[in-house]
Amino acid sequence: MKRPIPLLVLLAAAALIPGVCCAQNSPPQTGTNTGGFRQHGPSWRADQPAPRTDANSQLAHIQLLEKARKGGIDIYFEGDSITRRWGTSDPQYKENLANWTANFFGWNAADFGWGADLIQNILWRLENGELDGVNPKIIVVLAGINNVGARPPDDAKIADITRGLKAILDVCRKKAPDATIIMTAIFPRNDNMAVIPGINRINENIAQFADGKKVRYLNVNDKLAGQDGRLLTA
């Protein structure tokens, strides 16, 4: 059964809202996440693919490659733990999984989020097989909050994060040229309200990627936070 893309966008936005929080300290799918970032040289730039070196992230990559090879994926969700917690079977996120199941049963949707990933880690995963041959109809990208961190981003960091998100868009378009790509605005975070203006500037930049056809921009932050940018409590 065909469903129009605007309806899918609304469903994706509504389904992402439960369990929203900062992505930095997310648990992994298997075991304990020890990080494994490469934080030096060109690999620390957001637009340069960088692998996670911890064993759990390497195992997750193998599992996600296998998920991609199985195929049958029409809607492909990519991101960090905010995305990953939505489709995980971890007991503490059972309400998120129930939300995922309720919203996307029968949609051939697949979750490729991984906890604590930076933009460059997501980019590496996409460049190294996790989107190869999948050919989804729709790709939803939610990334960047871990690059922002808890300190207000300066002009250089805002530009770097913007370039990184554009790199994710570019690799998605290259590997899935027929897909409609939904670039989702970075969500607010409450640990330091001083970061909100920087997040807003990055989101303004992301909005410029949209062409209204194959690339869409989705900002649901007014559903997640008050006028001051502070996340609403459940």
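Everything here concerns the structure above.
Keep in mind it's a predicted model, so treat the numbers as computed, not measured. (Residues numbered from 1 in each chain as written. Predicted model: local features only at pLDDT ≥ 70, side-chain atom pairs only at ≥ 80, totals over all residues. Heavy atoms only, no water.)

(A) Geometry of the packing of aromatic side chains. In this structure the tally under the stated criterion is 8 aromatic pairs. Between Trp86 and Trp100, the ring centres sit 4.9 Å apart and the planes meet at 90°, which makes this aromatic pair edge-to-face. Here Trp100 lies in helix α4 (residues 94-104) and Trp86 lies in helix α3 (residues 81-87), a separation of 14 residues in the sequence. Judged by its relative accessible area of 2%, Trp86 falls in the buried class. Using a relative accessible area of 12% as the deciding quantity, one classes Trp100 as buried. Judged by centre distance (5.6 Å) and plane angle (45°), the ring pair of Trp100 and Phe104 falls under tilted. (Phe/Tyr/Trp six-rings, centres within 6.5 Å; stacked < 30°, edge-to-face > 60°. Helix = DSSP H or I, 4+ residues; strand = E, 2+ residues; numbered from the N terminus. Buried < 20%, exposed > 50% of the residue type's maximum accessible area, 1.4 Å probe, protein only.)

(B) Here's a closer look at the pattern of salt bridges. By the definition in use, this model includes 14 salt bridges. Between Arg69 and Glu66 there is a salt bridge, with its nearest N and O atoms 4.0 Å apart. A residue pair is termed a helical-turn pair when its members lie 3 or 4 positions apart in one helix, as Arg69 and Glu66 do in helix α2 (residues 55-70) at 3 residues. A residue is classified by how much of its surface remains accessible, and Arg69, at 61% relative accessible area, is exposed. Classification of Glu66 by relative accessible area gives partly exposed; the value is 39%. The salt bridge partner of Asp222 is Lys223, with a shortest N-O separation of 3.6 Å. Taking relative accessible area as the criterion, Lys223 reaches 53% and is therefore assigned exposed. Through salt bridges with shared partners, a single network forms among Arg52, Asp54, Glu78, Asp117, Arg125 and Glu130. (Salt bridge = Lys/Arg side-chain N within 4 Å of Asp/Glu carboxyl O.)

(C) Structural view of the sheet that holds strand β2 (residues 109-111). The sheet built from 5 strands is open, its strands ordered β2-β1-β3-β4-β5 with parallel pairing. Whereas interior strands pair on both sides, the edge strands pair on one side only; in this sheet they are β2 and β5 (215-218). Recorded for the sheet is a direction-independent mean angle of 20° between the axes of neighbouring strands. As paired strands, strand β1 (residues 75-79) and strand β3 (residues 138-142) are joined by 5 bridges and run parallel to one another. The residue bridging Glu78 from the neighbouring strand is Val141, located in β3. Along the sheet face, α4 touches β1 and β2 and points at about 155° away from the line of β2. Along the sheet, helix α7 (residues 155-175) contacts β3, β4 (180-184) and β5; its crossing angle with β4, the most-contacted strand, is approximately 165°. (Pairing = 2+ DSSP bridges. Axes fitted to C-alpha atoms, helices over the stretch in contact; angles between N-to-C directions. Contact = heavy atoms within 4.5 Å.)

(D) Region of the structure containing α4. Asn96, Asn99, Trp100, Asn103 and Phe104 are the residues of α4 that are buried. One side of α4 holds all its buried residues, which, seen down the axis, span an arc of 100°. Among the exposed residues of α4, those pointing more than 90 degrees away from its buried face are Lys94, Glu95 and Ala102. (Arc of directions from axis to C-beta.)

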